[in-house]
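Observations on the three-dimensional arrangement
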Amino acid sequence: MIDLRSDTVTKPTKEMLKAMYDAEVGDDVYKEDPTANELESYAAELLNKEAALFVPSGVMGNQICLNVLTQPMDEVICEKDAHIFQYESGSPAALSGIQLLQVEGKRGVFTPGQIEPLIRPTSAYYMPRTKVIEVENTHNRAGGTINPIENIEALCNLAKKYNLFFHLDGARIWNASVATGIPPSKYASYFDSISCCLSKGLGAPIGSIIAGSKDFIKEAYRIRKAWGGGMRQVGVIAAAGLFALKNNIERLKEDHEKAKTLAEFLNQSDSFDIDMDSVQTNILIFKPIKNSVEEILAKAKELGLFLSVGSIGTLRAVTHMDVSFEDIEKVKLILGEL
Ligand SMILES: Cc1ncc(COP(=O)(O)O)c(C=O)c1O
């Protein structure tokens, strides 16, 4: 099977497994795991933040950040298809007692002009309190789209003007970075908190990093433990994350090339509809014209291809390190047959 459901399906390579096998470990709840400590300082340096923390998943990363930045009854402004809204099981409400205010962006990107009128007046005690602006870069549900750096800067200035925090769901910030040539640290510089995944395109089996100021991470550390995320000899997985950060960022360019090739094929086909302007990194969202999504999914599976579902009525294909350029040629044949 060729699996294009997600870039989370990658399996650790032999070299990564060796790094895991060789990892020096200790009890991380005592902060005595040298590999986890190294990963955290390496990531903090890469993102040019004072401190970083290793967490088991991207969801936990985002939710810890939101929890630290808010009080119950606060509001977070996010895009309508943001991962924190669509795919995190309603946990902002359950875990932090906060609500999300969704804004419709264009290809996942909203502007300062769109959200400034939505910021609640501080005098209105009967309203929720706007506390955080959240941005997802790249934007998963919009198809791996990149938020332009000028827009991020303008949103950052808006956040400062209204004394709001600015959070980045940078699960795939590495993809944005290799596509634009803008270093992850430059992206991170605009945000109070950032969560980024090691287990997607970078190929680690588990884990995310959150980063921010020392005080922010001190509080995040407390919340991670409270939510059951304090881990013991975690160096065995931190080693995979460290290996991923050191070796697998630049190669994401290949995944983008594979996505582009496939998108061009879909664009020429009269059976699928794809917005080529949204093809910016490794995620393709496209619509079947002659068949239902369910029919395509089932038939593709019979022919040896796993696809997934995007937003309603759309299919999703994600390229990653476990699919080769040759696989992409096979995918074209399968989709051609469909
Ligand atoms: C944009 C975005 N944020 C957060 C996450 C959550 O990551 P995890 O699956 O590790 O919890 C994902 C996962 O797909 C994602 O795409």
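Because the structure is predicted, anything quoted here is derived from the model rather than measured. (Residues numbered from 1 in each chain as written. Predicted model: local features only at pLDDT ≥ 70, side-chain atom pairs only at ≥ 80, totals over all residues.)

Across its full length, the protein chain holds 14 helices and 13 strands. The globule rule puts the C-alpha radius of gyration for 338 residues at 20 Å, and the 20 Å found for the protein chain is close to it. By principal-axis analysis of the C-alpha atoms, the protein chain measures approximately 55 × 55 × 35 Å. Burial statistics for the protein chain: of 338 residues in total, 49% are counted as buried. A separation of at least 24 residues holds for 73% of the contacts in the protein chain among residues at least 6 apart in sequence. (Helix = DSSP H or I, 4+ residues; strand = E, 2+ residues; numbered from the N terminus. Rg over C-alpha atoms; globule rule 2.2 N^0.38 Å. Buried ≥ 20, exposed ≤ 12 C-beta atoms within 10 Å, placed from the backbone. Contact = placed C-beta atoms within 7 Å.)

Moving on: the site of the ligand. Contacts to the ligand come from S57, G58, V59, N62, H83, E136, N140, D169, A171, C197, S199 and S208. Residue contributions to the shell around the ligand peak at 3 residues, all from helix α3 (residues 58-69). Among the residues making up the shell around the ligand, the classes are represented as 3 nonpolar, 7 polar and 2 charged. (Near = placed C-beta within 6 Å. Nonpolar A, V, L, I, M, F, W, Y, C, P; charged D, E, K, R; others polar.)

Position of H167 among the secondary structure elements: in strand β6 (residues 165-169). Beyond its immediate stretch of four places on either side in the chain, H167 contacts C65, L66, L69, V132, E134, F191, D192 and S193.

Moving on, we come to helix α8 (residues 173-180). Note: α-helices contain 3.6 residues per turn, so residues at a spacing of three or four share the same orientation. Burial of α8 is extensive: 6 of the 8 residues sit out of reach of the surface. Within the sequence span of α8, burial applies to I173, W174, N175, A176, S177 and V178. Against the buried residues of α8 lie α9 (184-189), β7 (193-197) and α12 (252-268). Within two residues after α8, G181 carries a phi angle of roughly 80°, on the positive side.

Here 4 strands make up an open sheet; going across it, the order is β9-β10-β13-β12 and the pairing antiparallel. Taken across any chain shown, the strands that pair with only one partner, and hence form the sheet edges, are β9 (272-274) and β12 (308-309). Strand direction decides the pairing type here: strand β10 (residues 283-288) and strand β13 (residues 315-318), joined by 4 bridges, are antiparallel. Directly across from I285, in β13, lies its bridge partner R316. (Pairing = 2+ DSSP bridges.)

This part takes up the nonpolar core. Counting residues in each nonpolar core, the largest one holds 75 residues, and the members touching the most others are A43, A52, I133, I210, A211 and A240. When residues of this core are assigned to their parent elements, the largest contribution, 8 residues, is made by helix α11 (residues 235-247). Ignoring any residue separated from it by four or fewer positions in sequence, one finds I210 in contact with A52, L53, V55, G61, I64, C65, S193, I194, S195 and A220. (Core = buried A, V, L, I, M, F, W, Y, C linked by C-beta atoms within 7 Å.)

Position of E219 among the secondary structure elements: in helix α10 (residues 214-226). Sequence spacing of E219 and I64 is 155 residues, and the spatial spacing of their C-alpha atoms is 9.1 Å.

Partitioning the protein chain into domains gives domain 1 (2-6 + 251-337) and domain 2 (11-247). A separation of 27 Å is found between the C-alpha centroids of domain 1 and domain 2. Listed by partner, the interface residues are 17 residues for domain 1 and 19 residues for domain 2. Broken down by secondary-structure element, the contributors of at least two residues to the side of domain 1 that touches domain 2 are α12 and β10. For the side of domain 1 that touches domain 2, the element with the highest residue contribution is α12, accounting for 4 residues. Residue composition of the side of domain 1 that touches domain 2, by class: 5 nonpolar, 8 polar and 4 charged. (Domains from an automatic or database assignment.)

Here V323 is to be found in the loop between β13 and α14 (325-337). Classification of V323 as buried rests on a count of 23 C-beta atoms within 10 Å. Separated by 321 residues in the primary sequence, V323 and I2 place their C-alpha atoms 7.0 Å from one another. Setting aside its immediate chain neighbours within four residues, V323 contacts I2, L4, K258 and I328.

Two elements in contact, helix α1 (residues 14-22) and α11, have axes whose closest approach is 7 Å; the angle formed by their N-to-C orientations is 135°. Accordingly, the angle class assigned to the pair α1 and α11 is oblique. As for the relative orientation of α1 and α11, their crossing is right-handed in sense. Residues E15, M16, A19 and M20 of α1 pack against V236, A239, A240 and F243 of α11. For the contact of α1 with α11, the per-class residue count stands at 7 nonpolar, no polar and 1 charged. (Axes fitted to C-alpha atoms, helices over the stretch in contact; angles between N-to-C directions. Parallel < 35°, antiparallel > 145°, perpendicular 65-115°, else oblique. Left-handed = near helix turned anticlockwise from the far one by under 90°.)

A few words on unusual backbone geometry. Put simply, N137 and T138 share a cis peptide bond, and its omega is 0°. Positive phi, normally seen in glycine, also occurs at N48, with a value near 50°. Along the chain, the position of N48 falls in the loop between α2 (34-47) and β2 (51-55).

Our next topic: the packing of α2 against α11. When two helices pack together, their arrangement is captured by the angle between the axes and the distance separating the axes. Look at α2 against α11: their axes get within 8 Å of each other, and the N-to-C directions meet at 30°. As far as their axial angle goes, α11 and α2 are roughly parallel. The handedness of the crossing between α2 and α11 comes out as left-handed. Where α2 abuts α11, its residues P34, T35, A36, E38, L39, Y42, A43 and L46 lie against G235, A238, A239, G241, L242 and L245. Residue composition of the contact of α2 with α11, grouped by class: 10 nonpolar, 3 polar and 1 charged.

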